[in-house]
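Topology and contacts: notes
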Amino acid sequence: AITIPVRWLAAETHNLGHHRWLPRSMGRVVDVLEAACAKIVDGNVDILDEKFMMNLFSVFRLEMVEFDEFLTFKFEKQKRKDAGKSSEKMLLFAKLQDELFHPKLDTNKETDKYARQFGVVFMKAMLQELQDPLKVTSKYLSSLDGKLLHE
């Protein structure tokens, strides 16, 4: 929900100029990530809220068809061979996503409360990292009037 979209945007920035997406545009991604972290840390959103987590970067999906197509393929259509069955393919990320947000295995169901607790701890750490004045990301944050703002 976070790593794959952010890595794609960073890697493809040089190909997205026709959308007015420039290296500084990644500051918008950092702003979105900061806002999401704050909502989870403040208890306004559950980290296991599938709709929220899977749509963190929806504004960029609307702006760039290539990004939307990539995420649709990655999370809904990409198939991989099942290791146990040489001829059968499965929807890798779709299956993973379903088990993460709607666990069927008892062990996964039993860890939901820990995932929520860890999620808050992780997002709190992420906020600290993003806002750390010694790190370059803080210079892109709108909330801190960063010197390298995207707009």
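Attention here is on the structure that accompanies the text. None of the values given here were measured: they were computed from a predicted structure.

Quick look at the overall build of the chain
Helix and strand content of the chain: 8 helices and 2 strands. By its C-alpha atoms, the chain is 50 × 40 × 25 Å across when sized along the principal axes. For the chain, the proportion of its 151 residues judged to be buried stands at 34%. Restricting to contacts in the chain with at least 6 residues of sequence separation, those with at least 24 account for 54%. Total accessible area computed for the chain in this model is approximately 9,700 Å², and 57% of it derives from carbon and sulfur atoms. Each charge class in the chain was averaged separately, 23 positive and 23 negative side chains, and the resulting centres sit 4 Å apart.

Observations regarding unusual backbone geometry
Phi is positive for arginine 20, close to 65 degrees, though the residue is something other than glycine. For arginine 20, the location among the structural elements is in the loop between α1 (3-12) and α2 (26-41).

Side note on the pattern of salt bridges
A complete count under the given rule lists 6 salt bridges for this structure. Among the salt bridges present, the one from glutamate 63 reaches arginine 28, with a minimum N-O distance of 2.7 Å. Here glutamate 63, found in helix α4 (residues 58-63), pairs with arginine 28, found in helix α2; they are 35 residues apart in sequence, far enough to count as distant. One salt bridge connects arginine 116 with aspartate 112, and the closest N-O pair in it is separated by 3.7 Å.

Rules used in this analysis
- Residues numbered from 1 in each chain as written.
- Predicted model: local features only at pLDDT ≥ 70, side-chain atom pairs only at ≥ 80, totals over all residues.
- Heavy atoms only, no water.
- Helix = DSSP H or I, 4+ residues; strand = E, 2+ residues; numbered from the N terminus.
- Buried < 20%, exposed > 50% of the residue type's maximum accessible area, 1.4 Å probe, protein only.
- Contact = heavy atoms within 4.5 Å.
- Areas by Shrake-Rupley, 256 points an atom, 1.4 Å probe, with all protein chains shown as cover.
- Lys, Arg positive; Asp, Glu negative; His and termini not counted.
- Charge placed at Lys NZ, Arg CZ, Asp CG, Glu CD.
- Salt bridge = Lys/Arg side-chain N within 4 Å of Asp/Glu carboxyl O.

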